[in-house]
Amino acid sequence: MKAFFDYLKLLAIKMVITQLKENTNTLAKKIADKADIPLLGEKAERELAQKLIGFVVELLEEMNEK
């Protein structure tokens, strides 16, 4: 039973990674619209959000390898 749950966890992580990669631009725009960082313009906020999403993807991929 543990193997089954491990497989489900692996599958779920892969699905999240895929969704983040496919929707990076849309998600970054939503994050930039909600985050109002005083020293950054809209474009810089979007770039920062894209980098954050990329970091999360890399983190999930690394966790998935272990």
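Residues numbered from 1 in each chain as written. Predicted model: local features only at pLDDT ≥ 70, side-chain atom pairs only at ≥ 80, totals over all residues. Heavy atoms only, no water.

A. The environment of N64, seen in detail. By secondary structure assignment, the location of N64 is in helix 3 (residues 42–65). The residues touching N64, leaving out its near neighbours within four places in the chain, are L10, I13 and K14. (Helix = DSSP H or I, 4+ residues; strand = E, 2+ residues; numbered from the N terminus. Contact = heavy atoms within 4.5 Å.)

B. Broad picture of a nonpolar patch on the surface. Among the surface-exposed residues, M1, F4, F5, Y7, L8, L10, L11 and M15 lie close enough to one another that they form a single nonpolar patch of about 840 Å² accessible area. Tracing the chain through its elements places F5 in helix 1 (residues 2–22). Owing to a relative accessible area of 47%, F5 belongs among the partly exposed residues under this scheme. (Patch = residues over 30% accessible without salt bridge, like charges linked within 9 Å, V, L, I, M, F, W, Y side chains within 5 Å. Areas by Shrake-Rupley, 256 points an atom, 1.4 Å probe, with all protein chains shown as cover. Salt bridge = Lys/Arg side-chain N within 4 Å of Asp/Glu carboxyl O. Buried < 20%, exposed > 50% of the residue type's maximum accessible area, 1.4 Å probe, protein only.)

C. Molecular detail of the confidence of the model for the protein chain. On average, residues of the protein chain score 90 in pLDDT, and 98% of them reach the 70 mark or higher. Here helix 2 (residues 24–34) stands out as the element of the protein chain with the lowest mean pLDDT, 90, in contrast to helix 1, whose mean of 92 is the highest. (pLDDT = per-residue confidence, 0-100.)

D. Broad picture of the side chain of T24. As for its placement among the helices and strands, T24 is situated in helix 2. Here the side chain of T24 touches L20 through a polar contact of 2.6 Å, landing on its backbone oxygen. Setting aside residues up to four positions removed in sequence, T24 forms contacts with Q50 and I53. (Polar contact = N/O pair within 3.5 Å; in protein donor to acceptor, adjacent residues only side chain to side chain.)

E. Helix 2, seen in detail. Inspection of helix 2 places T24, A28 and A32 among the buried residues, and these make up the whole buried set. Mapping the buried residues of helix 2 onto a view down its axis gives an arc of 60°, with all of them on the same face. Looking at helix 2, the residues exposed on the side facing more than 90 degrees away from the buried face are K30 and K34. The inward-facing, buried residues of helix 2 contact helix 1 and helix 3. (Arc of directions from axis to C-beta.)

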